[in-house]
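Observations on the model geometry
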Amino acid sequence: MIIGKNLPTTKDNVSAKNAVASKAQSSAQTSKPSLSAAQNIPRTAASLISAAGLPADKLSSSIVSFLRFFSLPLKPQMLADMRRNVFAKQSAQTTQQSNQTVNHSDSQNTLTTTKFFDTPKGREVLALVAAASESKGVELSPKGLESYAHAVDPDSRQNGEGRKQNKEKKEKDSEQTEFISAEVIKKKVFDYLDENPLIDILNKLPCKNGQRWIVLPFDFSNDGKEYKVSMRILIDKDKEQTLCMALDITISSEQLENSDKEKNNNDNRQVFVMEIANEKPVRVSVYLQPGLPEKKHTRFKEEISSLFDIPIERIFVKNNTESFPYESGCGEDLTPINEVV
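Residues numbered from 1 in each chain as written. Predicted model: local features only at pLDDT ≥ 70, side-chain atom pairs only at ≥ 80, totals over all residues. Heavy atoms only, no water.

Now for the packing of helix α8 (residues 142-152) against helix α12 (residues 197-204). The N-to-C vectors of α8 and α12 enclose an angle of 75°; their axes lie 10 Å apart at closest approach. Taken together, the axes of α8 and α12 are roughly perpendicular relative to one another. Seen from α8, the contacting residues are Gly 144, Ser 147, Tyr 148 and Ala 151; seen from α12, they are Leu 198, Ile 199 and Leu 202. The residue makeup of the contact of α8 with α12, split by class, is five nonpolar, two polar and no charged. (Axes fitted to C-alpha atoms, helices over the stretch in contact; angles between N-to-C directions. Helix = DSSP H or I, 4+ residues; strand = E, 2+ residues; numbered from the N terminus. Parallel < 35°, antiparallel > 145°, perpendicular 65-115°, else oblique. Contact = heavy atoms within 4.5 Å. Nonpolar A, V, L, I, M, F, W, Y, C, P; charged D, E, K, R; others polar.)

Right, here's the structure in full:
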């Protein structure tokens with residue numbers, strides 16, 4: 001599929017790129033655990049969490065899912081290290097941000113970002129990107145981890161990065177509505193990667209499982225609403241085939257009163273997950289927040305079926321109660337893991 005190839009070349013810092021490549025090469029040469037050792041690994045998330053001596057909560061369960069998705073060792077020590085590092089990164093971010101000298105507007109932006117990463121959702125995003133970078137053989141600084149999180153999760157950009165710029169843009173172009181086309185989206189993605197070369201470097205690195213997980217963020221406004229999108233693509237590196245594409249979209253409206261925003265958790269979130277075969281979508285799962293009434297599912301499925309030209313029985317609409325990564329079930333049949341803790 002064309003979209004997975006020929007990522008833009010940015011003017012990256014050469015030394016940083018070499019350092020990342022060196023770390024990835026070193027990681028790739030690390031010997032794999034023996035079969036007997038792998039057989040001794042607990043199978044369920046609950047047993048893994050218990051063996052690691054960690055709280056049986058959503059974060060611990062999510063970390064197990066992330067380790068599985070990126071084919072990282074399912075060992076209690078890895079689970080404990082990942083959780084500890086999330087809180088360490090979070091603490092380092094808070095300290096680093098509080099020591100920075102910024103003006104009032106930037107202070108508000110930084111404060112909101114810090115608050116986001118201090119929430120259960122924010123910690124979950126940090127765990128996801130920590131697992132992703134580990135799979136790519138990269139150890140990110142707190143700032144790098146934050147940048148990767150902003151690219152992966154549109155909610156984090158809504159709560160922090162870019163809020164000041166979006167406000168200024170809306171004040172300047174309050175009467176305009178952006179025309180969105182494939183070329184416009186392509187330019188927005190390339191502009192983002194040019195401004196965030198770390199994301200471009202990470203996109204080019206394969207994961208240890210032979211796949212490549214690519215993150216392409218972009219934002220736009222239309223009809224009084226702000227759309228923040230994270231396009232995540234899963235590619236089989238050896239076959240150069242796209243396995244899955246997830247469009248994670250947060251929609252906010254400036255027309256909502258503050259009370260309405262709080263009541264509706266600020267934003268609407270829609271996640272479209274397309275499983276792909278022979279460069280065509282063959283199955284679409286849609287996760288909605290807030291959920292769509294059951295009586296409206298059929299009409300919604302008909303619209304999706306017409307849009308993607310696939311049978312309606314291959315379209316699934318669900319309330320958004322699941323965790324990252326939505327694309328975990330694409331491309332291969334993974335052995336189920338009991339994540340009820």
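From this point, the discussion proceeds with the structure in view.
As a further point, take helix α14 (residues 297-308). Taking 1.5 Å per residue, twelve residues should reach 16 Å; α14 reaches 16 Å between its end C-alpha atoms and fits that length. When α14 is considered as a whole, its buried residues turn out to be His 297, Phe 300, Ile 304 and Ser 305. Viewed end-on, α14 has its buried residues packed into an arc of 140°, placing them on one side of the element. α14 presents Arg 299 and Ser 306 as exposed residues on the side facing more than 90 degrees away from its buried surface. The secondary structure elements touched by the buried residues of α14 are β4 (268-277), β5 (280-289) and β6 (315-319). (Expected span 1.5 Å × (residues − 1). Buried < 20%, exposed > 50% of the residue type's maximum accessible area, 1.4 Å probe, protein only. Arc of directions from axis to C-beta.)

Structurally, His 297 is set in helix α14. At 3.0 Å, the side chain of His 297 forms a polar contact with the backbone oxygen of Leu 292. When neighbours within four sequence positions are excluded, His 297 is seen to be in contact with Leu 292 and Val 317. (Polar contact = N/O pair within 3.5 Å; in protein donor to acceptor, adjacent residues only side chain to side chain.)

Attention now goes to the sheet that holds strand β2 (residues 225-236). Read across the open sheet, the six strands follow the order β1-β2-β3-β4-β5-β6; overall the sheet is mixed. The outermost strands of the open sheet, each flanked by one partner alone, are β1 (211-222) and β6. The mean inter-strand angle of the sheet, taken between neighbouring strand axes irrespective of direction, is 15°. Taken together, the nine bridges between β4 and β5 define a ladder with antiparallel strand orientation. (Pairing = 2+ DSSP bridges.)

Now for the nonpolar core. In terms of nonpolar packing, the biggest core is built from 78 residues, with Phe 70, Leu 79, Tyr 148, Trp 213 and Val 273 touching the most fellow members. Per-element tally for this core: the top contributor is helix α7 (residues 120-135), with eight residues. (Core = buried A, V, L, I, M, F, W, Y, C linked by side-chain atoms within 4.5 Å.)

A few words on the packing of aromatic side chains. Under the counting rule described, the total for this entry stands at eight aromatic pairs. On the numbers, 5.3 Å between centres and 75° between planes, the contact of Phe 116 with Phe 117 is edge-to-face. Residue class for Phe 116 comes out buried when judged on its relative accessible area of 7%. Relative accessible area serves as the criterion here: at 2%, Phe 117 is assigned to the buried category. Three or more aromatic residues joined by ring pairs form one cluster here, namely Phe 69, Phe 70 and Trp 213. (Phe/Tyr/Trp six-rings, centres within 6.5 Å; stacked < 30°, edge-to-face > 60°.)

For the rest of this paragraph, the subject is the pairing of β5. The hairpin turn running from β4 into β5, its antiparallel successor, is two residues long, and Asn 278 in that turn takes a positive phi close to 55°. Alignment of β5 against β6, held across five bridges, turns out to be parallel. Bridge pairing in β6 links Tyr 287 to Lys 318. Once the chain exits β5 it traverses α14 before rejoining the sheet at β6, and the crossover so formed is right-handed. (Right-handed = clockwise from strand over helix to strand, strands pointing away.)

Per the counting criterion, the structure on display carries 20 salt bridges. A salt bridge links Lys 58 to Glu 124, with the nearest nitrogen and oxygen atoms 3.3 Å apart. With a gap of 66 residues between them, Lys 58 in helix α4 (residues 58-69) and Glu 124 in helix α7 connect regions that are remote in the sequence. Between Arg 269 and Asp 248 there is a salt bridge, with its nearest N and O atoms 2.6 Å apart. Of this pair, Arg 269 sits in strand β4 while Asp 248 sits in strand β3 (residues 241-253), and the two are 21 residues apart along the sequence. A residue is classified by how much of its surface remains accessible, and Arg 269, at 6% relative accessible area, is buried. Taking relative accessible area as the criterion, Asp 248 reaches 0% and is therefore assigned buried. Where salt bridges share partners, they join Lys 121, Asp 153, Asp 155, Arg 232, Asp 248, Arg 269 and Glu 327 into one cluster. (Salt bridge = Lys/Arg side-chain N within 4 Å of Asp/Glu carboxyl O.)

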